[in-house]
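# Analysis of the macromolecular model
Okay, here's what each chain looks like letter by letter:
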Amino acid sequence: MTLTELRQKCEACKKCELGNTRTNLVFGTGNENAKLMFVGEAPGEQEDLSGTPFVGRAGKLFDKYLEAVGISRDEVYIANMLKCRPPKNRDPLPAEQDICIEYLREQVRIIKPKMIVCLGRISAMRLISADYKITKEHGIWVKKGQYDMTAVYHPSLLLRDPRRKDEMLADMMEVARRYREL
Ligand code: URA
């Protein structure tokens, strides 16, 4: 399957109610041959309106970290666990995650990144380990199958708790260091 075919499949998906309540599918953006992939949680309002991940307040903060460590959005791939916005940004339901993660897995198989960075606890719990503790484990790297993986704080957490920004910068610097070594 190609990414275009997968996108079409997601566009047509009505396996959960979010397919009916969303404005736009937020499939993912960036370099389709990226070596580095970021995976967030679910689209918010601005993402739902634009069809692009991480374009709202949290996304703008995330862009600053990318810029600070010398990585451009165009060279990486950015996606979410869920491709449709949960109403009022509520947490994704387990059933919604179970359905949508299959699309994400296929997306990863097609892009074949070397490194996957989870943005926040929710994607880390699904992609790294079910009992992931973001405050303790952020920035720790693990090998899962063929992928080097870590999680960093979700940028919206940093908007609520700016005291964690130094840790985020340190984690993102390590992401960039490893990325440049590939
Ligand atoms: N939060 C996410 O997890 N993903 C987005 O695309 C935007 C905000």
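Above this text is the structure in question.
This is a predicted model, so every value here is computed, not measured.

### Thoughts on the packing of helix H4 (residues 57-68) against helix H9 (residues 165-181)
Where H4 meets H9, the axes come as close as 9 Å, and the angle between the chain directions of the two elements is 50°. Looking at the two axes, H4 sits oblique to H9. H9 is crossed by H4, and the crossing has right-handed handedness. Contacts between H4 and H9 pair Leu61, Phe62, Tyr65, Leu66 and Ala68 from the former with Lys165, Met168, Leu169 and Met172 from the latter. Classifying every residue of the contact of H4 with H9 by side-chain character gives eight nonpolar, no polar and one charged.

### A few points about the sheet that holds strand E3 (residues 77-80)
Backbone hydrogen bonds are what pair the strands of a sheet, in a parallel or an antiparallel way. Read from one edge of the open sheet, six strands run E1-E3-E2-E4-E6-E5, paired in mixed fashion. Strands at the two margins of the open sheet, each flanked by one partner only, are strand E1 (29-30) and strand E5 (142-144). Two strands pair when backbone bridges link them, and E1 and E3 are joined in this way by two bridges, in the antiparallel orientation. Counterpart to Gly30 in the pairing with E3 is Tyr77. Docked against the sheet, helix H5 (residues 94-111) engages strand E2 (36-40), E3, strand E4 (115-119) and strand E6 (147-152), running at close to 165° with respect to E3.

### Looking at the packing of helix H1 (residues 3-11) against H5
Viewed as axis vectors pointing N to C, H1 and H5 meet at an angle of 170°, and their least axial separation amounts to 10 Å. By the angle between their directions, the pair H1 and H5 is classed as roughly antiparallel. Taking contact as the criterion, the partners of Leu3, Leu6, Lys9 and Cys10 in H1 are, on H5, Tyr103, Glu106, Gln107, Ile110 and Ile111. A class-by-class count of the residues in the contact of H1 with H5 yields six nonpolar, one polar and two charged.

Procedures and definitions
Residues numbered from 1 in each chain as written. Predicted model: local features only at pLDDT ≥ 70, side-chain atom pairs only at ≥ 80, totals over all residues. Heavy atoms only, no water. Axes fitted to C-alpha atoms, helices over the stretch in contact; angles between N-to-C directions. Helix = DSSP H or I, 4+ residues; strand = E, 2+ residues; numbered from the N terminus. Parallel < 35°, antiparallel > 145°, perpendicular 65-115°, else oblique. Left-handed = near helix turned anticlockwise from the far one by under 90°. Contact = heavy atoms within 4.5 Å. Nonpolar A, V, L, I, M, F, W, Y, C, P; charged D, E, K, R; others polar. Pairing = 2+ DSSP bridges.

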